[in-house]
Amino acid sequence: MIDKPEWHDRQWFATTVRDSDLVKTSRAAVPPTTVLADRDSHSRLRHEEREPTTVLPIAVNADENTEAAFADFTRAFLVAANAAATIPSVSSPAVLQQRAQAPPESVCNKKQQPARTMPFEVKPLPYAKNALEPHISQETVETHFEKHHKGYATKLTQITEGKPEATMSLEDIIRTATGPIFNNAAQVWNHTFYWECMMPTAAASSGGGPSGALAAALEKSFGSVEAFKKAFIDRAAAHFGSGWIWLVQRPADGGLEIWEGHDAANPLKAGLRPLLTVDVWEHAYYIDRRNRRAEYLDHWWPLVNWAFVASHLK
Ligand SMILES: [Fe+2]
């Protein structure tokens, strides 16, 4: 983080920001005296600081997921900047002239994205988009799947172009990659698993809970299925920020445990076997439930496809 006072004499604010920072920033509201910046860009930022008329390109990911976050970040940042009364409005003639002379290389503009075949494709939903109603609305599924889930695949395609990961499986990328490539690959995989962990309301309402070997394994590791449910939901409700809550199996002894990770974290990277997951990013429930995550979890639980969960048990 860079303290804003370092920038008092600037006419233009720009920086590079990581995906994860953008998302967090949009969620937590930008502190009025700070700017988030990528660590790798510090030297560049400081170099540009000596040339106050230069507009530093804003490197932001172009997918649907980050555009809104970027807009939030920019809006909050300009409010903070203008509050210092040293920054001209973004529509002022000076800024517009500056922009014309040195247009920012904004990758938010999709027209600048090279067209290419997409090697990372998202598996179709295993049910209709309205099949989870009334627990999860069609609008939520539509937005979550079409914008967020597919957005990660689009981004992964872009950032792996020409790299070894372009031809690797998602699982191999998750196990070996770091940074944005890991984040986007894991988010593609996590979402596909998340959709599979649920089943249509009509089918779920006539089904039961865990049974057979899965029920026995849950009882052995948690005391009872009900105790597992409480522990899982409690962890999901209490998870700070964005992330995923998982039921996993330890390959070493076959025992089950609850595993949680922030942002795109995936238990494959930790050598664990995923059985069940729930997405606790706000985009999974905000349309239906606003910020009421516990309410979302109450509606998610009856949709769990226990046959799918059991199919991963070894
Ligand atoms: Fe999600």
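Residues numbered from 1 in each chain as written. Predicted model: local features only at pLDDT ≥ 70, side-chain atom pairs only at ≥ 80, totals over all residues.

*Asks:* What's the story with the confidence of the model for the chain in this structure? I'm lost.
*Replies:* Where the model shows low pLDDT, its predicted coordinates should not be examined in detail. Scored by pLDDT, the chain has a mean of 74; 62% of the residues are at 70 or more. Counting contacts from residues 95–116, a segment whose pLDDT is below 50, to residues more than four positions away or on other chains yields 31 contacts. (pLDDT = per-residue confidence, 0-100. Contact = placed C-beta atoms within 7 Å.)

*Asks:* When you look at the sheet that holds strand β3 (residues 243–249) in this model, what are you seeing that I'm missing?
*Replies:* Pairing between sheet strands relies on hydrogen bonds along the backbone, with the strands arranged either parallel or antiparallel. Judged by pairing direction, the sheet is antiparallel, and its three strands sit side by side in the order β4-β3-β5 without closing on themselves. This sheet does not close on itself; its edge strands, each paired only once, are β4 (256–262) and β5 (273–279). Neighbour to neighbour, the strand axes of the sheet diverge by 25° on average, direction disregarded. As judged from the seven bridges shared by β3 and β4, these two strands associate in the antiparallel manner. Counterpart to I245 in the pairing with β4 is E260. Across the sheet, helix α7 (residues 179–196) touches β3 and β5, and the angle it forms with β5 is around 85°. (Pairing = 2+ DSSP bridges. Helix = DSSP H or I, 4+ residues; strand = E, 2+ residues; numbered from the N terminus. Axes fitted to C-alpha atoms, helices over the stretch in contact; angles between N-to-C directions.)

*Asks:* How should helix α5 (residues 138–160) be read in this particular structure?
*Replies:* For an α-helix, 3.6 residues make a turn, and residues three or four places apart therefore share a direction. With 23 residues, α5 should cover 33 Å at 1.5 Å per step; its first-to-last C-alpha distance of 32 Å lies within 8% of that length. Taken as a whole, α5 has its buried residues at T140, V141, H144, H149, K150, G151, Y152, A153, T154, K155, L156 and T160. Trailing α5 by a residue or two, G162 shows a phi angle of about 80°, which is positive. (Expected span 1.5 Å × (residues − 1). Buried ≥ 20, exposed ≤ 12 C-beta atoms within 10 Å, placed from the backbone.)

*Asks:* Can you help me understand the environment of D279 in this one?
*Replies:* Here D279 lies in strand β5. Along the backbone, D279 and D263 are 16 residues apart, and their C-alpha atoms lie at a distance of 9.8 Å. Once you skip the residues sitting within four places of it in the chain, D279 turns out to touch Y194, W244 and A284.

*Asks:* I would appreciate a short explanation of unusual backbone geometry in the present structure.
*Replies:* The general pattern is negative phi for most residues beyond glycine and trans for most peptide bonds. Residue P134 is bonded to the preceding E133 through a cis peptide linkage, with omega at 5°. Within the secondary structure, P134 is located in the loop between α4 (93–101) and α5. Positive phi, close to 55°, is recorded for D263, a residue that is not glycine. With respect to the element layout, D263 can be found in the loop between β4 and β5.

*Asks:* When you look at the nonpolar core in this model, what are you seeing that I'm missing?
*Replies:* In globular proteins that are soluble, nonpolar side chains generally tend to be buried together. F182, A185 and V188 are the most contacted members of the largest nonpolar core, which totals 49 residues. In terms of residue count, α7 provides more of this core than any other element does, eight residues in total. Sequence-distant contacts of V188, that is, excluding residues within four places in its chain, are made with F120, V122, Y152, A153, L156 and L170. (Core = buried A, V, L, I, M, F, W, Y, C linked by C-beta atoms within 7 Å.)

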